[in-house]
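Residue-level structural notes
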Amino acid sequence: MAACALRRGLLSGVSKYSRKHSHRILSVTDINIGFEVYKPRLQCRACGLLGGVQQKRFMSSRPEGKILEPVGVFEAVKQHGKYETGQLFLHSVFGYRGIVLFPWHARLYDRDITPPVSDNKPEPPGAHGSKEVKGKTHTYYQVLIDTRDCPHISQRSQTEAVTFLANHDDSRALYAIPGLDYVSHEDILPYNSAEQVPIQHELFERFLMYNPAKSPPFTPRDTLKAWQEKNHPWLELSDVHRETTENIRVTVIPFYMGMREAQNSHVYWWRYCIRLENLGSEVVQLRERHWRIFSLSGTLETVRGRGVVGREPVLSKEQPAFQYSSHVSLQAPSGHMWGTFRIERTDGSHFDVRIPPFSLESNKDDKAPPAGYTF
């Protein structure tokens with residue numbers, strides 16, 4: 001509900017709003033309720049509601065007995081360039097408060113854009129009907145999620161997008177850093193705050209310091225710079241794959257995690273983050289997944305099952321997106337994955353949404369667990 005309340009005050013085209021106006025962000029003080037954001041004259045793509053001309057508190061939307069308090073003031077969205085370390089933001093899809101740690105420059109392979117014939121490359125083995133496109137540079141950000149908002153992000157199966165292999169003999173042991181996420185440039189809704197500690201996260205004050213002479217006023221500590229440098233190999237985001245089928249857009253981001261030895265053989269691990277987004281107005285539900293995993297060793301595995309990560313999410317105008325992370329291992333240093341999601345309409349009919357094929361590539365050097373952080 002908190003995310004929906006947020007979206008009622010936002011527009012997917014929020015970047016078009018005038019730079020002459022500032023918009024206050026209002027927050028419900030009770031952590032169990034989450035937060036709400038209201039903004040003048042902006043229509044929400046999810047709910048289709050309009051805000052008032054003047055800044056106002058929507059008392060009818062306020063939970064009984066709760067008081068709305070200001071969180072900050074919206075800033076102009078950057079059409080070009082990038083946001084700096086310390087930039088406060090709201091996530092335009094999942095509605096949480098966060099702060100930028102540092103940017104990544106990824107290659108976005110958008111299969112909704114038809115490439116020239118000369119740019120077509122051979123399909124991965126067994127990937128029937130796939131197509132390769134020329135990637136373009138796109139900015140993503142490593143960010144911290146405010147822990148107060150984590151319980152209210154219902155459209156995600158987890159609020160961490162970063163996992164790593166444990167540093168011991170169990171090759172299947174994985175650890176996660178809670179509240180550490182990757183955010184695309186267009187999902188950033190920047191704001192500023194007068195608070196010296198506006199984000200609640202155990203790493204906030206270890207990584208950032210308040211400096212009112214700077215803009216934004218939160219600057220990186222040496223610990224953040226050292227942490228980024230030491231952990232660059234397993235944090236780095238390199239490729240993003242995207243494809244849309246019947247208004248359902250699937251975005252995949254794979255990460256190589258490292259290699260472990262198991263039963264006298266090498267096992268290579270990858271994490272992949274998937275976001276499904278309903279760009280249309282029809283309510284649909286994810287029912288099944290169908291994966292094909294090709295390994296350089298020559299094996300082709302098929303995986304079929306109900307839902308994803310134990311859930312069958314509904315994608316609607318109120319909650320148009322769902323995101324989750326999972327893992328895959330191969331006994332070869334590279335491979336490919338692709339597949340489909342079976343989507344059900346409200347009338348009971350089904351259609352398949354393509355998962356864009358993506359490469360599983362390993363780095364030459366094995367990766368150590370993240371440094372500068374105690375688990």
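Computed from a predicted model, the values in this text were never measured in an experiment.

1. Comments concerning the overall build of the protein
- Of regular secondary structure, the protein possesses 4 helices and 20 strands.
- In the protein, the proportion of contacts linking residues at least 24 apart, taken out of those at least 6 apart, comes to 70%.
- Total accessible area on the protein stands at roughly 17800 Å², and carbon and sulfur atoms take up 47% of it.

2. Considering the environment of His336
- In this fold, His336 is placed in strand E19 (residues 334-345).
- On the accessibility criterion, His336 (18% relative accessible area) is buried.
- Separated by 23 residues in sequence, His336 and Ser359 place their C-alpha atoms 4.5 Å apart.

3. A few points about the nonpolar core
- In terms of nonpolar packing, the biggest core is built from 49 residues, with Tyr96, Ile99, Leu101, Leu180, Trp227, Leu235 and Leu237 touching the most fellow members.
- With 7 residues, the top contributor of residues to this core is strand E4 (residues 97-110).
- In this structure, Leu237 is in contact with Trp104, His105, Ala106, Tyr140, Tyr182, Ile253 and Phe255, ignoring residues within four places of it in sequence.
- With 28 residues, the next largest nonpolar core counts Val284, Phe351, Val353 and Ile355 among its residues.

4. What to know about the confidence of the model for the protein
- Residues of the protein with pLDDT of at least 70 account for 70%, and the chain-wide mean is 78.
- For the stretch residues 1-21, pLDDT sits under 50, and the model shows 59 contacts to residues farther than four places along the chain or on other chains.
- Predicted confidence is poor over residues 369-375, with pLDDT under 50, and the contacts of this stretch with residues over four places away or in other chains come to 21 contacts.

5. Looking at unusual backbone geometry
- Between Ser215 and the following residue, Pro216, the backbone shows a cis peptide bond with an omega angle of 0°.
- Position of Pro216 among the secondary structure elements: in the loop between strand E10 (208-210) and strand E11 (218-220).
- Phi at Glu246 takes a positive value of approximately 50°, unusual for a residue other than glycine.
- Within the secondary structure, Glu246 is located in the loop between strand E12 (239-245) and strand E13 (248-262).

6. Things to note about the environment of Tyr175
- Tracing the sequence through the fold places Tyr175 in strand E7 (residues 174-176).
- With relative accessibility at 40%, the residue Tyr175 sits in the partly exposed group.
- It is 5.5 Å that separates the C-alpha atoms of Tyr175 and Phe164, two residues lying 11 residues apart in sequence.

7. Points about the pattern of salt bridges
- The final tally for this structure, using the stated rule, is 15 salt bridges.
- Across the pair Glu243 and Arg354 runs a salt bridge, and its minimum N-O distance is 2.6 Å. Within this pair, whereas Glu243 is found in strand E12, its partner Arg354 is found in strand E20 (residues 350-361), the two being separated by 111 residues in sequence.
- A cluster of three or more residues bridged by salt bridges with shared partners is formed by Asp187, Arg249, Arg275 and Glu277.

Reading the values: the criteria
- Residues numbered from 1 in each chain as written.
- Predicted model: local features only at pLDDT ≥ 70, side-chain atom pairs only at ≥ 80, totals over all residues.
- Heavy atoms only, no water.
- Helix = DSSP H or I, 4+ residues; strand = E, 2+ residues; numbered from the N terminus.
- Contact = heavy atoms within 4.5 Å.
- Areas by Shrake-Rupley, 256 points an atom, 1.4 Å probe, with all protein chains shown as cover.
- Buried < 20%, exposed > 50% of the residue type's maximum accessible area, 1.4 Å probe, protein only.
- Core = buried A, V, L, I, M, F, W, Y, C linked by side-chain atoms within 4.5 Å.
- pLDDT = per-residue confidence, 0-100.
- Salt bridge = Lys/Arg side-chain N within 4 Å of Asp/Glu carboxyl O.

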